[in-house]
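An overview of the molecular structure
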Amino acid sequence: MSTVIDTYAVVIIFIVLLMLTAVVIILICFATIRRSFLAHREKQYQQAEEKVSDPLYAYLDDEIDLNAYSDVLQTRFEIEAAYQLVNILIDNVKGSQQKKLRSLLELPKFRRYFFARLRSRKIMHVAHACMYFSQKGLIDKNAIRRMFVLQDHPYNVILYASTLALVSTAESETQDEALKRFLRRRNNASMAINDIIFKYHSHQIDSARCAQVLLEAVKDVSIPDKNRAAVISMLPSLGFYHCSDDLMELLRSEVSQDRTGILTSALINVLKEFFYEGLEKEIVRQELWKSGFQQVRLEVVHFFSRLHDESYLSTLMDLAHDPDIEVRIAALKALMKIQKKVRIPDENFQADILPEWQEMKRSGEDYVDS
Amino acid sequence: MSIVNEFLLFINVLILLYFIVVNGGYLFLIWCSYRNIQKFRDVDKIFKMTGVYNTNLYKPVSIIAPAYNEEQSIINSVNSLLNIIYANFEVIVVNDGSSDNTLSLLIDHYGLKPDHRYRPKFLSHQPIRQIYSSPRYPVLIVVDKENGRKADALNAGLNIASNELICAVDADSILEPDVITKMLRVFMEDETTIAVGGVVRVANGCTFKHRIVEKVLLPQTFLGRIQAVEYLRAFLFGRVGWDYLNTLLIISGAFGVFDRKALIKAGGYLHNTVGEDMELVLRMHKYHRDHNIPYRIRFIAEPVCWTEVPEDFKTLSRQRNRWQRGLADTLYRYRKMFFNPGYGRIGMIGMPFFFLAELLSPFVELVGLVIVGFSWWFGAINISFALVFLAVAIILGMILSVSALLLEEMTTRRYDRSKDIIILAGYALLENLGYRQIHAWWRLMGLLDYLRGNKAWGMMVRKGIGG
């Protein structure tokens, strides 16, 4: 049992202990100094808030003019605090006061400050600036150019914020271009697309034009199928029933080129929502229940379920044996509705499907979700 | 030097190498976590800004909370779920055959009425006795079923859920009101996301007001505080780091959001395992890789679910024993994925590291300590080697724990008082001197129990939180 410690061991132990000490010291610094720094910044912000709020109310009460208020904004804290205050107030006031607040946002100090932030490397700053420029009615050519560049930003959140700002501008060409560029991006999630379209629509005065732009996007093959499908799915919630003929045309012509089934299923779903008359005929013509895509078969079953038509009994019986459980259950539910008109013997179901069928029958048709 | 001594030296070198590799791996994970946190810290802040991602078009979510003998906390927990700030959600509480008053409390408190609606059976589970809905709380559904354990209850909830996304949450946990919105950020940014995990924190010691955490304070007991450090380490640098490497193997059973269809297609939760959370994530990886479907399983550092941790040795040992059995069971089930290039980083990095660092660690740690002491006593190794061993095995462990606290300070700073963080740092150091070895013993027993075929869940003693 030797008790002599060699140099290498001392060095290793020293390094490890040094690392431990360093981490502990950094932690203590973070927990004390950094917290104090953050608290100090918070205090500065609060002071700025106090400084800019009274003059803001004075401005709204016509006690001071725009230039006088601009003179109040000296530091970045004051500009940020004022912007936050205006942002909160603008949604809570109406008429002339709202107009006054909007003109306040046009102050060169705000514009310069946020335009500089559009070029920042910090995504927080960029997003913040995008939000400033997305204030309704704000048009700034340089900012718009910059935000088009930001639509290629690697962070989705910046793509999203810049698109949001661009679709909120007052120029319809800018809005349309921004929307199309956004839709061409391959990695957009459908939720983000829905939201952008919703906001794009809310900024449109001419609803027919808006529908036209969306239809063009739906037909644009340079836009990924899933994005086109997301646009299609938004049409009913925007109330664009008059688009159904164009959608039907698309269903007739494009199904063979649909490589994922996502476009076809979206089209069936939306045309079903629109109660489009020719849909049934088209589904039968193309025998879409035989589609290789699960979501297409599922949409077809949902459509048949709505029809309550016993002439589709055998098709639904086939679909009740679909390899996909979701399609199977939807088909069984559709059959439950038809059962009122035609008796369906239990022998028609295989042993693995029979328990579901029996359970549905026990629950009664009224208690089966459509 | 005798052959025995040479052999002992060889074993010692192996054990030392083990600690170097494992702790080195963890240090690398810390770096990954730091990078990940830096990358997404601002994104999370932007997400909170008014205007960006502010929408009513989020996908609807079904929150599923399995409950077994939760009479102490069930009302507070369900209230916290009903308190969620989200445009479109439903809460499904699955009473998994509780023998206490869980169900009657729910019926009385929410005025539940039987609901005879048919629900399809996508996944198998124990028979449902009754489904209840509440006229007063239309978003609440309570399912009363035969006992079948947590996975079974989750499957029942999955069948009943009607929304595209599901959030699995323990009924004894409390979610922060904006937690789902924060989680949705990931689904909103990447269409291929099928599952997202979030941070689970220790609720013991915190004060609650209207089922919302009012003050984040330290637990009162030694075990509570040690676990506060453990949870920060597991979530902030473990899972955040693995997320950075796109190799996440586990989403806590206490809290996770999943794409319902993806979950059902993968086969739902497995009944005959005690590690259903990790098993599910691995199965989802396997299913999507086998079927060549693009997917992402993510973890984000911020969303918070508060959970009560056991503060007595007996309950804690049972919990850790179960976790170790679950880990062993899952890794064994998916042994074919090990070093299989077809499973990418999951098979090549994640699983081997989990095997080495999580499954084997209790054995190596305990046996290692004994062997090193024994070898030094018999002169097979010198004091230098023994000290280097302790430095690598124990002091590096301390560095890892303190680093987790550092990540906490860099991100959410949920502890209001800096004093609390410094106290926790003390516990992070203490943890490695005694508790870690006891913990390793519990996990070793878990391994042995797994080999003996023990699949018991183990009784959890809870006091209830959020009151």
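Residues numbered from 1 in each chain as written. Chains lettered and ligands numbered in written order. Predicted model: local features only at pLDDT ≥ 70, side-chain atom pairs only at ≥ 80, totals over all residues. Heavy atoms only, no water.

Brief notes about the sheet that holds strand β11 (residues 255-259) of chain B
All names here are of chain B.
- On the basis of which strands lie adjacent, the open sheet formed by ten strands has the order β3-β4-β5-β2-β1-β6-β11-β8-β12-β7 and mixed pairing. The outermost strands of the open sheet, each flanked by one partner alone, are β3 (113-114) and β7 (173-175).
- Where strand β1 (residues 61-67) lies against strand β2 (residues 89-96), seven bridges are found, and the strand directions are parallel. From the neighbouring strand, Ile-63 faces β2, where its bridge partner is Val-91.
- Strands β8 (193-202), β11 and β12 (296-307) of the sheet are contacted by helix α8 (residues 276-290), whose axis makes an angle of about 160° with β12. (Pairing = 2+ DSSP bridges. Helix = DSSP H or I, 4+ residues; strand = E, 2+ residues; numbered from the N terminus. Contact = heavy atoms within 4.5 Å. Axes fitted to C-alpha atoms, helices over the stretch in contact; angles between N-to-C directions.)

Looking at helix α14 (residues 262-273) of chain A
Residues and elements named next belong to chain A.
- For α14, spanning twelve residues, the distance from its first C-alpha to its last is 17 Å, which sits close to the expected 16 Å at 1.5 Å a residue.
- By the criterion of burial, α14 is predominantly enclosed, with nine of the twelve residues buried.
- All buried positions along α14 are accounted for by Leu-263, Thr-264, Ser-265, Ala-266, Leu-267, Ile-268, Val-270, Leu-271 and Lys-272.
- With its phi angle positive at about 50°, Phe-275 sits one or two positions after the end of α14. (Expected span 1.5 Å × (residues − 1). Buried < 20%, exposed > 50% of the residue type's maximum accessible area, 1.4 Å probe, protein only.)

A closer look at empty space enclosed by the protein
Residue and element names in this part refer to chain B.
- Summed over the entire model, instances satisfying the criterion amount to five cavities of 30 Å³ or more.
- Of the volumes computed, that of the largest cavity is approximately 60 Å³.
- Looking at the largest cavity, the residues that line it are Phe-19, Glu-365, Leu-369, Phe-389, Ala-393, Ile-394, Arg-436 and Gln-437.
- Of all elements in the fold, only α11 (361-377), α12 (383-410) and α13 (418-452) reach the threshold of two or more residues within the lining of the largest cavity.
- Take the lining of the largest cavity: its biggest share by element is three residues, from α12.
- Partitioned by chemical class, the residues of the lining of the largest cavity number five nonpolar, one polar and two charged. (1 Å grid on protein atoms, 1.4 Å probe; cavity = no way out; pocket = protein on both sides within 12 Å on 5 of 7 lines; lining within 4 Å. Points joined across faces, edges and corners; volume = space filled by probe spheres on them. Nonpolar A, V, L, I, M, F, W, Y, C, P; charged D, E, K, R; others polar.)

Regarding the packing of helix α10 (residues 190-202) of chain A against helix α12 (residues 225-238) of chain A
Residues and elements named next belong to chain A.
- Across the interface, α10 lies against α12 with an axial gap of 9 Å and an inter-helix angle of 45°. The angle between α10 and α12 places the two elements in the oblique class. The interaxial crossing formed by α10 with α12 has right-handed handedness. Of the residues in α12, those touching α10 at Ser-190, Ile-193, Asn-194, Ile-197, Phe-198 and His-201 are Asn-227, Ala-230, Val-231, Met-234 and Leu-238.
- Within the contact of α10 with α12, the residues separate by chemical class into seven nonpolar, four polar and no charged. (Parallel < 35°, antiparallel > 145°, perpendicular 65-115°, else oblique. Left-handed = near helix turned anticlockwise from the far one by under 90°.)

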